[in-house]
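Structure assessment
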Amino acid sequence: MGRFDGRVMLVTGGAKGLGKAIAKRLATDGAQVAIIDLVAADEAVSEIQSAGGMAEAFLGDVTSETAMETALQQIDARFGKLDVLVNNAGILSPRKAWNVWTQDEIRKFVDINFFGYWITAKYAYPLLKKVEHPRIVNIASRTFFMGNPGQLPYVAAKGAVQGLTWCLARELGDEGITVNAVMPGMVETPGTAQYNQEEAYNRVMNNQAIKQRVLPEDLADLVAFVASDDAKMITGQTFICDGGGYLH
Ligand code: NAD
């Protein structure tokens, strides 16, 4: 028996990177995992299925209300409910001075990294209301606390995710829906590898209390805890999984 047997859990952006590790971890504990991604999540689904888990992929762009409404209708038709939403689909950031970014570029970060979470939550909400222990877990970023120079659009959009987390925690508490944010340190994924070399990961690691690279699986373990019944009285909180890099 897994602790998530019978639970349906949606991970957005689960085709690769952190989302894939989260999907695999939840499936290991028995969850039926749905993945929504812009790109095909065949590899994630087949890795989960070969390990004896259950997963299905749905194509969709989290910035589109129509696409998310359709994807959540498909998930409702297939599973009849949703226990946990993990908002994870997002884009990573290069570094440019704050006044060099264009308005269109900034809007893109807000669209995907903030509106994507709000839109998915909006269409997942009717399904979450059907279950006993509903959860929303938002993958945020500690860059919000650090104000990383050169990453203004990313940091601002992740700040909006923090605001979303607090507001939803308050507004949905009476319905028993917990809403929390989790923040990874800098983790090597296809997303971060576009903009960073080995030395950047090592520099971050050397500033941590625990001088080991944070892996996608480390964040996935934290998500599994927040999604579990053990976390039933935890809501509106922010957890950082970064080996003690940012202390607060
Ligand atoms: P990644 O680029 O490796 O994977 C992101 C996934 O999201 C991809 O499968 C991509 O196709 C999907 N995606 C992107 N835009 C989408 C859209 N509009 N609709 C549907 N799917 C979409 O990135 P990652 O490093 O795994 O990051 C995942 C999340 O974690 C992001 O929200 C990111 O901001 C956050 N995060 C990552 C790190 C890190 O160090 N990796 C640190 C802090 C926060």
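Anything mentioned here points back to the structure above.
First, a word on scope: everything that follows refers to the structure included in this document. (Residues numbered from 1 in each chain as written. Predicted model: local features only at pLDDT ≥ 70, side-chain atom pairs only at ≥ 80, totals over all residues. Heavy atoms only, no water.)

**Considerations on the overall build of the protein**
- Check the secondary structure of the protein and you find nine helices and seven strands.
- When the backbone C-alpha atoms are referred to their principal axes, the protein occupies close to 45 × 35 × 35 Å.
- The burial tally for the protein puts 50% of its 248 residues in the buried class.
- Restricting to contacts in the protein with at least 6 residues of sequence separation, those with at least 24 account for 70%.
- Carbon and sulfur atoms form 53% of the exposed surface of the protein, whose accessible area is close to 11,600 Å².
- For the protein, the distance from the average site of its 23 positive side-chain charges to the average site of its 28 negative ones is 4 Å. (Helix = DSSP H or I, 4+ residues; strand = E, 2+ residues; numbered from the N terminus. Buried < 20%, exposed > 50% of the residue type's maximum accessible area, 1.4 Å probe, protein only. Contact = heavy atoms within 4.5 Å. Areas by Shrake-Rupley, 256 points an atom, 1.4 Å probe, with all protein chains shown as cover. Lys, Arg positive; Asp, Glu negative; His and termini not counted. Charge placed at Lys NZ, Arg CZ, Asp CG, Glu CD.)

**Remarks on the packing of helix H1 (residues 17-28) against helix H9 (residues 216-227)**
- Contact geometry of H1 with H9 gives a least axis separation of 8 Å together with a crossing angle of 50°. Taken together, H1 and H9 sit at an angle that is classed as oblique. Judged by the twist between their axes, the crossing of H1 over H9 is right-handed. On H9, the residues touching Leu18, Ala21, Ile22, Arg25 and Leu26 of H1 are Pro216, Glu217, Leu219, Ala220, Asp221, Val223 and Ala224.
- When grouped by side-chain class, the residues that make up the contact of H1 with H9 number nine nonpolar, no polar and three charged. (Axes fitted to C-alpha atoms, helices over the stretch in contact; angles between N-to-C directions. Parallel < 35°, antiparallel > 145°, perpendicular 65-115°, else oblique. Left-handed = near helix turned anticlockwise from the far one by under 90°. Nonpolar A, V, L, I, M, F, W, Y, C, P; charged D, E, K, R; others polar.)

**Quick notes on the pattern of salt bridges**
- In this structure the tally under the stated criterion is 16 salt bridges.
- As a salt-bridge pair, Arg25 and Asp29 come within 2.7 Å of each other at their nearest N and O atoms.
- The exposure class assigned to Arg25 is partly exposed, which follows from its relative accessible area of 22%.
- You can call Asp29 buried: its relative accessible area is 14%.
- The partner of Arg25 in a salt bridge is Asp221, with the nearest N and O atoms 2.7 Å apart. Of this pair, Arg25 sits in helix H1 while Asp221 sits in helix H9, and the two are 196 residues apart along the sequence.
- Here the salt bridges share partners, and the residues they tie into one network are Arg3, Arg25, Asp29 and Asp221. (Salt bridge = Lys/Arg side-chain N within 4 Å of Asp/Glu carboxyl O.)

**A few points about H9**
- With twelve residues, H9 extends 16 Å between its outermost C-alpha atoms, agreeing within 8% with the 16 Å of an ideal straight helix rising 1.5 Å per residue.
- Considering only its buried residues, H9 is in contact with H1, strand S4 (84-87), strand S5 (135-139), strand S6 (178-184) and strand S7 (238-241). (Expected span 1.5 Å × (residues − 1).)

**Examining H1**
- Taking 1.5 Å as the rise per residue, H1 with twelve residues should run 16 Å; its terminal C-alpha atoms sit 17 Å apart, in good agreement.
- For H1, the complete set of buried residues consists of Leu18, Gly19, Lys20, Ala21, Ile22, Ala23, Leu26 and Ala27.
- Just downstream of H1, Gly30 is the residue with a positive phi angle, here 105°.

**Quick word on the packing of aromatic side chains**
- Using the criterion set out here, one finds six aromatic pairs in the structure.
- Aromatic side chains Phe115 and Trp118 sit 6.2 Å apart centroid to centroid with 75° between the ring planes, which places their arrangement in the edge-to-face category. Of the two residues, Phe115 and Trp118 are both situated in helix H4 (residues 103-128); the distance of three residues between them amounts to about one turn of the helix.
- Judged by relative accessible area, which is 34%, Phe115 ranks as partly exposed.
- Residue Trp118 is classed as partly exposed on the basis of its relative accessible area, which comes to 33%. (Phe/Tyr/Trp six-rings, centres within 6.5 Å; stacked < 30°, edge-to-face > 60°.)

**Some details on the environment of Trp118**
- Once the C-alpha coordinates of Trp118 and Gly6 are considered, the two residues, 112 residues apart in sequence, prove to be 26 Å apart.
- Contact partners of Trp118, with chain neighbours within four places excluded, come to Glu65 and Leu164.

**Comments concerning the environment of Ala40**
- With respect to the helices, strands and loops of the structure, Ala40 is situated in the loop between strand S2 (32-37) and helix H2 (42-50).
- Sequence separation between Ala40 and Gly14 is 26 residues, and the spatial gap between their C-alpha atoms is 9.5 Å.
- Not counting the four nearest positions on each side in its chain, Ala40 is found in contact with Ala15 and Leu59.

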